[in-house]
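Spelled out, the chains give:
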Amino acid sequence: MKHTLSVLVEDESGVLSRIAGLFARRGFNIESLAVGPAEQSGVSRLTMVVEGDDRTLEQMSKQLNKLINVLEVNDLTRIPAVERELMLLKVSAPPENRAAILDLVQVFRAKVVDVADQALTIEVVGDPGKLVAIENVLAAYGILEIARTGRISLERASGVNTAYLKVTSLDKRVPA
């Protein structure tokens, strides 16, 4: 199972190296990593996506908490959270395909950020599922390059679990 960990750390050199080393020594791959300043000066937030069972991730969280400069570790996997990621796609876009690609860009509420004679560069922001969906649709036109940020995530202040709402709203539909 994939887990999303949010780790608050003191903004000191070597912190990221120690955290990555901890995971590497135990044979864990960090699938996604995003680091940036947090709400408090001198503190950074690391958001990591790692694969493992609950017990193993609990042990990793305990090990992280023991590291110097680690202030807080939260597993956001099973709590309501907002997740976003940014992806830039460079797509082959000769004149005969350009209108169709631009229509898809609008459907996904993405943005064209660069235009060339034979290519478009598209910016997509959303949950990881949205990024996979647009990538799959645009693959038919020829994806030239992709760059993705790591996933970032914050616990929902409202406590509302939108994933749960999606499932329950589908259950309430009346079949045609």
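Summarised in this report is the structure supplied together with it. Numbers given to residues run from 1 along each chain, matching the order in which its sequence is written. In keeping with the predicted nature of the model, local features appear solely for residues at pLDDT of at least 70, side-chain atom pairs appear and are counted solely at 80 or more, and the whole-chain, interface and lining totals rest on all residues. Think of the side-chain values as coming from all heavy atoms in the structure, minus any hydrogens and water.

1. Some remarks on the side chain of Ser 6
Argument step 1. Helix and strand definitions follow DSSP, with helices as H or I runs of at least four residues and strands as E runs of at least two, each counted in order from the N terminus. Relative to the helices and strands, Ser 6 is located in strand β1 (residues 2–10).
Argument step 2. The rule is simple: take the accessible area with a 1.4 Å probe, protein chains only, and divide by the maximum for that residue type; under 20% is buried, over 50% is exposed, in between is partly exposed. Since its relative accessible area comes to 3%, Ser 6 is described here as buried.
Argument step 3. For the purposes of these results, a polar contact is taken to be a pair of N or O atoms within 3.5 Å, where, inside protein, one atom must be able to donate a hydrogen and its partner to accept one; residues adjacent in sequence count only when each atom of the pair is a side-chain atom. Of the polar contacts made by the side chain of Ser 6, one reaches the side chain of Arg 45; its length is 3.1 Å.
Argument step 4. If we skip the residues at most four places from it in the chain, Ser 6 touches Arg 45, Leu 46, Glu 72, Val 73, Asn 74 and Leu 76. The contact criterion used is simple: two residues touch if any of their non-hydrogen atoms lie within 4.5 Å.

2. Examining helix α2 (residues 54–66)
Argument step 1. Given the number of residues in a helix, its expected span is that number minus one, multiplied by 1.5 Å. Between its first and last C-alpha, α2 extends 19 Å over 13 residues, near the 18 Å set by a 1.5 Å rise per residue.
Argument step 2. Among the residues of α2, those classed as buried are Leu 57, Met 60, Ser 61 and Leu 64. What you see down the axis of α2 is that its buried residues fit within an arc of 105 degrees, all on one side. Opposite the buried face of α2, at more than 90 degrees from it, the exposed residues are Arg 55 and Lys 66.
Argument step 3. If you follow the buried residues of α2, they end up packed against β1, α1 (15–25), β3 (43–51) and β4 (70–75).
Argument step 4. For α2, the capping residue at the N-terminal end is Asp 53, with a side-chain oxygen 3.3 Å from the backbone nitrogen of Arg 55. Think of it as the arc spanned by the lines of direction from the helix axis to the C-beta atoms.

3. Thoughts on the packing of α1 against α2
Argument step 1. In the contact formed by α1 and α2, the axes pass within 11 Å of each other and the chain directions differ by 145 degrees. The interaxial crossing formed by α1 with α2 has right-handed handedness. Counted together, Ile 19, Leu 22 and Phe 23 of α1 and Met 60, Gln 63 and Leu 64 of α2 form the full contact between these two elements.
Argument step 2. The class makeup of the residues in the contact of α1 with α2 is five nonpolar, one polar and no charged. Fitted lines through C-alpha atoms give the axes, limited to the stretch in contact for helices. The angle between two N-to-C directions lies from 0 to 180 degrees. For any pair of crossing helices, the crossing counts as left-handed if the nearer helix is rotated counterclockwise from the farther one by less than a right angle, and right-handed if it is rotated clockwise. Following the grouping adopted for this structure description, the nonpolar residues are Ala, Val, Leu, Ile, Met, Phe, Trp, Tyr, Cys and Pro, the charged ones are Asp, Glu, Lys and Arg, and the polar ones are all others, Gly among them.

4. Brief notes about unusual backbone geometry
For residues besides glycine, phi is generally negative; the peptide bonds are generally trans as well.
Argument step 1. You will see that Asn 69, though not glycine, has its phi angle at about 80 degrees, which is positive.
Argument step 2. Along the chain, the position of Asn 69 falls in the loop between α2 and β4.
Argument step 3. Within the chain, Arg 109 stands out as a residue other than glycine whose phi angle is a positive 50 degrees.
Argument step 4. With respect to the helices, strands and loops of the structure, Arg 109 is situated in the loop between α3 (95–107) and β6 (111–115).
Argument step 5. Looking at Arg 109, the relative accessible area reads 73%, which means it is exposed.

5. Things to note about the nonpolar core
Argument step 1. Residues belong to a common nonpolar core when they are buried Ala, Val, Leu, Ile, Met, Phe, Trp, Tyr or Cys residues joined through side-chain atoms within 4.5 Å. Among the nonpolar cores identified, the biggest contains 17 residues, and Leu 5, Val 7, Ile 19, Phe 23, Met 48 and Leu 64 are the most heavily contacted of them.
Argument step 2. Secondary-structure elements contributing two or more residues to this core are β1, α1, β3, α2 and β4.
Argument step 3. In this structure, Ile 19 is in contact with Val 7, Val 9, Leu 46, Met 48, Leu 64, Leu 67 and Val 70, ignoring residues within four places of it in sequence.
Argument step 4. Within the second largest apolar cluster, 14 residues are counted, among which are Leu 89, Ile 122, Val 124 and Leu 138.

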